[in-house]
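Listed here are the chains, written in short residue letters.
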Amino acid sequence: MTVNLEGRVAIVTGAGGGLGREHALLLARLGAKVVVNDPGGSVAGTGDDRRVAQMVVDEIRAAGGEAVANLDSVAEFSAAQRIVQTAMDTYGRLDILVNNAGILRDKTFAKMEVEDFELVLKVHLMGTVYCTKAAWPIMNEQGYGRIVLTTSAAGIVGGFGQSNYGAAKMGTLGLMNCLALEGARNGVLVNAISPAAATRMTQALIPPQIGQHLRPDLVSPAVAWLASEACTQSGLVVNAVAGYFACQRFVEGEGVQFNPTEPVTADMVADAAKSFGQMNNARAVDPRPLGDLEARLQALGLS
Ligand code: NAI
């Protein structure tokens with residue numbers, strides 16, 4: 001299967017460095033015209049550096065690609081609208097949105113200021129909402145779109161001192177799951193990557209002997225696939241790390257079904273939890289709102 005992005009227009013947020021830069025470079029190499037968004041600034045989201053986005057644009061152009069810089073922050077809706085408008089004004093269309101921008105304000109929950117919680121939600125979760133909201137009508141009206149979100153293991157399995165970040169990153173998956181349903185009829189697919197890479201965000205956490213294999217450019221091929229026509233699925237979470245790619249999803253362990261016409265006590269649940277708390281025979285969560293409830297009720301002669 002060939003991933004070809006000729007004629008496509010992409011936005012990559014937070015593309016001035018780290019993973020976003022690699023995503024932008026690869027999308028451009030595959031033929032996309034790219035809006036390189038990044039106001040610059042520290043990992044904590046302080047300050048700005050108005051050169052970083054332009055430097056990536058220069059790199060893309062030097063390699064024969066097409067790109068334009070945008071310095072707006074994803075953390076305000078009006079600014080996110082300007083990012084999308086940059087694509088429309090410069091290239092006249094928008095096919096791909098890669099929500100990548102991010103910051104960290106790590107602290108244990110006990111020590112974390114509410115402001116640090118809110119800011120991280122604002123950049124990761126609301127930034128994704130704002131950019132996606134601005135791109136949504138354009139993609140739905142043209143009947144084609146590929147949106148890639150960036151989640152994290154810090155949300156999927158938890159990260160010490162990362163309650164703000166973990167909450168924000170899991171929030172993006174709730175958004176994805178709902179938008180995957182809403183966008184499907186118009187050819188707008190919404191997927192996520194859960195990356196790991198040695199960038200300035202993670203450099204203090206990764207041992208050097210492993211860090212050499214955690215190159216951010218090894219994550220970008222997953223983004224490029226999800227951003228392309230070659231991808232026809234929606235609602236995937238692709239774990240991408242050091243050349244490894246796998247899908248992740250919620251599972252449900254074997255449950256216990258009490259008779260709902262009889263009393264169910266806390267003691268009964270506590271006893272049953274010795275078994276259902278083990279997550280034995282786990283399988284993917286049933287996508288139907290009530291799962292296989294009807295079959296279970298039938299088995300009890302109740303339906
Ligand atoms: P990075 O710090 O190198 O890159 C983040 C970029 O986002 C920076 O260039 C920064 O200027 C930009 N940015 C920050 N606030 C912004 C805003 N309000 N508007 C627009 N741009 C903004 O970090 P890295 O590692 O490249 O992270 C990229 C994404 O991947 C983030 O969403 C991060 O949470 C996620 N991620 C990274 C992992 C890793 O192992 N590096 C693991 C899991 C998720």
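Nothing here was measured: the structure is a model prediction, and the numbers come from that model. (Residues numbered from 1 in each chain as written. Predicted model: local features only at pLDDT ≥ 70, side-chain atom pairs only at ≥ 80, totals over all residues. Heavy atoms only, no water.)

Enquirer: Lay out the sheet that holds strand β6 (residues 188-196) in plain terms, naming residues and giving numbers.
Expert: By way of backbone hydrogen bonds, the strands of a sheet pair with one another, either parallel or antiparallel. Pairing is mixed across the open sheet formed by eight strands, whose spatial order is β3-β2-β1-β4-β5-β6-β7-β8. The outermost strands of the open sheet, each flanked by one partner alone, are β3 (67-70) and β8 (244-248). Averaged over neighbouring strand pairs, the angle between their axes works out to 20° when direction is ignored. Sheet analysis places strand β4 (residues 96-98) next to strand β5 (residues 145-150), joined by three bridges and oriented parallel. Of the residues in β5, the one forming a bridge with isoleucine 96 is arginine 146. Sitting on the sheet, helix α1 (residues 18-29) is in contact with β1 (9-12), β2 (33-37), β4 and β6, with an inclination near 170° to β1. Contacting β4, β5 and β6, helix α4 (residues 114-142) runs over the sheet at an angle of about 170° to β5. (Pairing = 2+ DSSP bridges. Helix = DSSP H or I, 4+ residues; strand = E, 2+ residues; numbered from the N terminus. Axes fitted to C-alpha atoms, helices over the stretch in contact; angles between N-to-C directions. Contact = heavy atoms within 4.5 Å.)

Enquirer: Account for the nonpolar core, naming residues and giving values.
Expert: Grouped together as the largest cluster of nonpolar side chains are 39 residues, with contacts concentrated most on Ile11, Leu94 and Ile147. Going through the elements one at a time, β1, α3 (77-91), α4, β5, α6 (163-183) and β6 are the ones with two or more residues in this core. With 10 residues, α4 is the single largest residue contributor to this core. Among the nonpolar cores identified, the runner-up in size contains 33 residues, and Ala28, Ile96, Val98 and Leu236 belong to it. (Core = buried A, V, L, I, M, F, W, Y, C linked by side-chain atoms within 4.5 Å. Buried < 20%, exposed > 50% of the residue type's maximum accessible area, 1.4 Å probe, protein only.)

Enquirer: Lay out the site of the ligand with the relevant residues and their values.
Expert: Close to the ligand lie 27 residues; Leu19, Asp38, Asn100, Tyr165 and Thr199 are nearest. Residue arginine 200 places a side-chain N or O atom 2.9 Å away from an oxygen atom belonging to the ligand. Relative to its unbound accessible surface of 830 Å², the ligand loses 94% to contact with the protein. Counting residues per element, the ones that place at least two in the shell around the ligand are α1, α6 and β6. Among the residues making up the shell around the ligand, the classes are represented as 10 nonpolar, 14 polar and three charged. (Near = heavy atom within 4 Å. Polar contact = N/O pair within 3.5 Å; in protein donor to acceptor, adjacent residues only side chain to side chain. Areas by Shrake-Rupley, 256 points an atom, 1.4 Å probe, with all protein chains shown as cover. Nonpolar A, V, L, I, M, F, W, Y, C, P; charged D, E, K, R; others polar.)

Fair warning: the whole summary comes from geometry, so function is off the table for now.
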